[in-house]
Amino acid sequence: NDGNELGLARIGNYIKKTKDENSIFLTGGDILQGQLISNTNKGALMMEVFNNLELDAFVIGNHEFDWGLDVVLQYFDPNTTGIKANFPILGANVKQKNNGQRPEFIDSHTIIQRGNYKIGIIGVIGDGQESSIMRLRVKDYYFSDAYTAVQETVNEIKNKVDFILVVSHDGNSTFNQKVSQLPKVFGIFNGHSHVQYSGHLNKIPYIQSGANAEAVGQVDLKFDKSYGLRLINSDAKNINRHPYLNAEDDEIKSIIDSYYNEISHLYTEIIIHASSFLSRDDLAYFSAKLMAKVTNSVFGFQNRGGTRAAISQGPITGSDVFKVFPFDNQIISAEIMGRDLKSL
């Protein structure tokens, strides 16, 4: 828990205390990467937490490629050692360039049972997100058209299920509109663009729940089963205030603490002080200036989108620095003509 960031122990408390036999728990991508406590163990902590919370489906995002896709897929490969995910990883449109097939252990969908009803869950990554991944990490993969992948999967499973939920690691309104018209789709979940919204398209709810665990997205679906299965009411909302979010789940806290204790010094030892508040823009400019200085170059460039957090006035720890720059990037140097630099 850190200010607006609820923390998984509190989110876990909310989920456990509000779910019932009809509840479904989904994640929409970019779930393993970004904080020191997860990065130091390549997401093992998160897998333990999700197993404890009985996650139903894990949908892949662009940052699941940051360490190399093989690192994440080891949690789903029964032939590897270590922690195993008790849930599937979904990415219907994630394809290998060499054969056009999905990588082993990535599924297009999963079908779960709730009472007498079967629910299909389909997951995709957004179109064009190859450009949001380090080229080395995604050179062997491509992402086919997300809507087409959903449409094909809906046609494959629609006669096997009572209704379908679609999770897209993207915030594309055109995609949402088209998917809302597909048969048996009764809910659409988005990710990637770090914003909070919810609404209805063709009476089908859609939602995205921001970033950094600032909110829990909750969709309630009410059906009439007198004549088949008919959606009669639905609600989609992002929840960041609730009594259950004020307390921590003991089991989740224990999992987090077991990892935190090994690296607590990086969260507590002060390495320097900030004399004033440093925004993401301040830090992007500073890092560009620093890269130019360290490499003795005339020019430094930093992608603002890769500068992920601000720094408050006061003490700075190693974990604060990592939160600003959480990605395993390298400094790349190049020689360029002055006239080309000016044109750029």
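Caption draft 1: Structural detail: helix H3 (residues 44-52). Judged by how many residues are buried, H3 sits mostly within the fold: seven of nine residues are covered. Of the residues making up H3, those classed as buried are Ala44, Leu45, Met46, Met47, Val49, Phe50 and Asn51. Tucked inside the fold, the buried residues of H3 contact helix H1 (8-18), strand E1 (26-27), helix H2 (36-39), strand E2 (57-59) and helix H8 (250-268).

Caption draft 2: Spatial organisation of the sheet that holds strand E9 (residues 163-169). With mixed pairing, the six strands of this open sheet are ordered in space as E6-E7-E9-E10-E12-E11. The strands lining the two open edges of the sheet, one partner per strand, are strand E6 (109-114) and strand E11 (196-201). Adjacent strand axes in the sheet meet at a mean angle of 20° when their direction is disregarded. Pairing analysis gives six bridges linking E6 to strand E7 (residues 117-125), with the strands arranged antiparallel. Following the sheet pairing, threonine 110 is matched in E7 by isoleucine 121.

Caption draft 3: Representation of the environment of phenylalanine 189. Tracing the sequence through the fold places phenylalanine 189 in strand E10 (residues 185-190). The exposure class of phenylalanine 189 is buried, given its relative accessible area of 17%. Sequence separation between phenylalanine 189 and glycine 171 is 18 residues; the distance between their C-alpha atoms is 8.9 Å.

The rules we used
Residues numbered from 1 in each chain as written. Predicted model: local features only at pLDDT ≥ 70, side-chain atom pairs only at ≥ 80, totals over all residues. Heavy atoms only, no water. Buried < 20%, exposed > 50% of the residue type's maximum accessible area, 1.4 Å probe, protein only. Helix = DSSP H or I, 4+ residues; strand = E, 2+ residues; numbered from the N terminus. Contact = heavy atoms within 4.5 Å. Pairing = 2+ DSSP bridges. Axes fitted to C-alpha atoms, helices over the stretch in contact; angles between N-to-C directions.

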